[in-house]
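Examining the three-dimensional arrangement
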Amino acid sequence: MSNRNLIDITDLTPAEIDDLIATAEDMIDHPSKYQDLCAHKQLATLFFEPSTRTRLSFESAMLALGGSVLGFSEASSSSTTKGETVTDTVRTVSCYADIIAMRHPKEGAPFAAAQRAEVPIINAGDGGHNHPTQTLTDLLTIHREKGRLSDFTIGFCGDLKFGRTVHSLVNALARQSGIRFVFISPEELKLPGYLKENVLEKQGLSFRETDSLEDAIPNLDILYMTRVQKERFFNEADYIRLKDTYVLDPEKLIPAKRDLCILHPLPRVNEIAVAVDDDPRACYFGQVRNGKFIRMALILLLLGLRAE
């Protein structure tokens, strides 16, 4: 197939990411320029795994562009319950829609689907592997908060082993200059070796690992919190033991920089206290809002559409 897809964040060049961010920021300032660009276009949301923000963000994005939406929000609503393969489902839905956003619990499923789809495929999250549109959301938020995508120290805290949002963002930031990485996790949830060896060490990038959020936080410009993901664990006892390892609260923020940017892909469980929400450094709900606009920009790119 000759469609342009987004399966991995590295499918986009740094220049294309810059253009998407610029488009999204223009959409925030001038929404009326974009409101009819997808008139008579349809987005299919094929979510084989539960989602709130990502699915609704895609739907909101397409509706804001003047398009329409069809799809399902759980695997039980699709013909996979009858034994249909994912590739057949996607090939079928290609007959109805102009573009597809797909989430699946199995790593690599969106890539396999893209081999058979007749319209562009967007990976909306595949297992513990990648989540490129969340990464675009994160990058837009960082750019809006810091004014740049380079020269800062970012700490990733929590589930770095299964956290697909972490994996995608590390890949994206590894292509920027002057990024210093700090990975904060218990031993059992450390960043996968392939990312350290094939991305960070291969490029000679600065990173360190620690199990102490308190020791790391004073030096961070950005703190990316993550939840420990129950759905990725095979052993519930391990999940229960690890789930509350890190809890960000106002006391832990006392030594942090005054312009620290706190991000979280959400949903949160206990890892950020509600009291932190009122701190001006908490950017995670603004992050949610940004997700709509960056997905609008992405839809236009993959459909080959542009505002006058």
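Residues numbered from 1 in each chain as written. Predicted model: local features only at pLDDT ≥ 70, side-chain atom pairs only at ≥ 80, totals over all residues. Heavy atoms only, no water.

1. Re the overall build of the protein
A tally of regular secondary structure across the protein gives 10 helices and 9 strands. For the protein, whose C-alpha radius of gyration is 19 Å, the value lies close to the compact-globule estimate of 19 Å for 308 residues. For the C-alpha atoms alone, the extent of the protein along its principal axes is close to 55 × 45 × 40 Å. Within the protein, residue pairs in contact and separated by at least 24 positions form 73% of the contacts whose partners lie at least 6 positions apart. When the accessible surface of the protein is summed, it comes to about 13500 Å², and 48% of that surface belongs to carbon and sulfur atoms. Separation between the mean location of the 35 positive side-chain charges and that of the 43 negative ones in the protein comes to 1 Å. (Helix = DSSP H or I, 4+ residues; strand = E, 2+ residues; numbered from the N terminus. Rg over C-alpha atoms; globule rule 2.2 N^0.38 Å. Contact = heavy atoms within 4.5 Å. Areas by Shrake-Rupley, 256 points an atom, 1.4 Å probe, with all protein chains shown as cover. Lys, Arg positive; Asp, Glu negative; His and termini not counted. Charge placed at Lys NZ, Arg CZ, Asp CG, Glu CD.)

2. Regarding the sheet that holds strand β2 (residues 68-72)
Strands belonging to one sheet form pairs held by backbone hydrogen bonds; the direction of such a pair is parallel or antiparallel. The 4 strands lie next to each other as β2-β1-β3-β4, forming an open sheet whose pairing is parallel. Both edges of this open sheet fall to β2 and β4 (121-126), since each of them pairs with a single strand only. Between one strand axis and the next, the sheet turns through 15° on average, direction left out of account. Helix α3 (residues 86-93) rests against β1 (42-47), β2, β3 (99-104) and β4 of the sheet, and its axis sits at about 155° to β3. (Pairing = 2+ DSSP bridges. Axes fitted to C-alpha atoms, helices over the stretch in contact; angles between N-to-C directions.)

3. Thoughts on the side chain of Ser51
In this fold, Ser51 is placed in the loop between β1 and α2 (53-64). At 3.4 Å, the side chain of Ser51 and the backbone nitrogen of Thr54 are in polar contact. (Polar contact = N/O pair within 3.5 Å; in protein donor to acceptor, adjacent residues only side chain to side chain.)

4. Comments concerning the sheet that holds strand β8 (residues 222-225)
Pairing is parallel in the open sheet, where 5 strands are placed in the order β7-β6-β5-β8-β9. Whereas interior strands pair on both sides, the edge strands pair on one side only; in this sheet they are β7 (206-210) and β9 (261-263). With strand direction ignored, the average angle separating the axes of adjacent strands in the sheet is 15°. Bridging between β8 and β9 involves 3 bridges; their strand directions are parallel. Counterpart to Ile222 in the pairing with β9 is Cys261. In the packing of helix α6 (residues 164-173) onto the sheet, contacts are made with β5 (152-157), β6 (179-184) and β8, and the angle to β5 comes to roughly 165°. The strands touched by helix α7 (residues 193-201) within the sheet are β6 and β7, with β7 carrying the most contacts at an inclination of about 155°.

5. Some points on the nonpolar core
The biggest cluster of nonpolar side chains holds 57 residues, and the ones touching the most others in it are Leu136, Ile154, Phe156, Leu173, Phe181 and Ile299. With 9 residues, helix α10 (residues 284-303) is the single largest residue contributor to this core. What Leu136 contacts, discounting residues up to four positions off in sequence, is Leu6, Ile9, Leu12, Ile17, Leu20, Ile294 and Leu298. Of all hydrophobic cores here, the second largest spans 18 residues; its members include Cys157, Leu223, Ile262 and Val276. (Core = buried A, V, L, I, M, F, W, Y, C linked by side-chain atoms within 4.5 Å. Buried < 20%, exposed > 50% of the residue type's maximum accessible area, 1.4 Å probe, protein only.)

6. Brief notes about the state of the cysteines
In this structure the tally under the stated criterion is 0 disulfides. In this structure Cys95 is a free cysteine whose sulfur lies 20 Å from that of Cys38, the closest cysteine sulfur available. In this structure Cys95 comes out as exposed when scored by relative accessible area, which is 59%. Distance from the sulfur of Cys283, which forms no disulfide, to the nearest cysteine sulfur (Cys261) is 3.5 Å. (Disulfide = S-S within 2.5 Å.)

7. Considering the packing of aromatic side chains
In this description, an aromatic ring pair is defined by two values, namely the gap between the centres and the angle between the planes. Counted by the stated rule, this structure contains 7 aromatic pairs. With centroids separated by 6.4 Å and ring planes inclined at 15°, the aromatic side chains of Phe156 and Phe181 adopt a geometry described as stacked. One end of the pair, Phe156, is in strand β5; the other, Phe181, is in strand β6, with 25 residues separating them in the sequence. The residues Phe156 and Phe181 share a single accessibility class, namely buried. Between Phe181 and Phe183 the ring centres are 5.9 Å apart and the planes differ by 10°, which places this aromatic pair in the stacked class. Cluster of aromatic residues (ring-pair linked, three or more members): Phe156, Phe181, Phe183, Phe207 and Tyr224. The ring of Phe58 carries the charged tip of Arg295 above its face, separated from the ring centre by 5.1 Å. (Phe/Tyr/Trp six-rings, centres within 6.5 Å; stacked < 30°, edge-to-face > 60°. Lys NZ or Arg CZ within 6 Å of the ring centre and 35° of its normal.)

The values are spatial; any link to function lies outside them.
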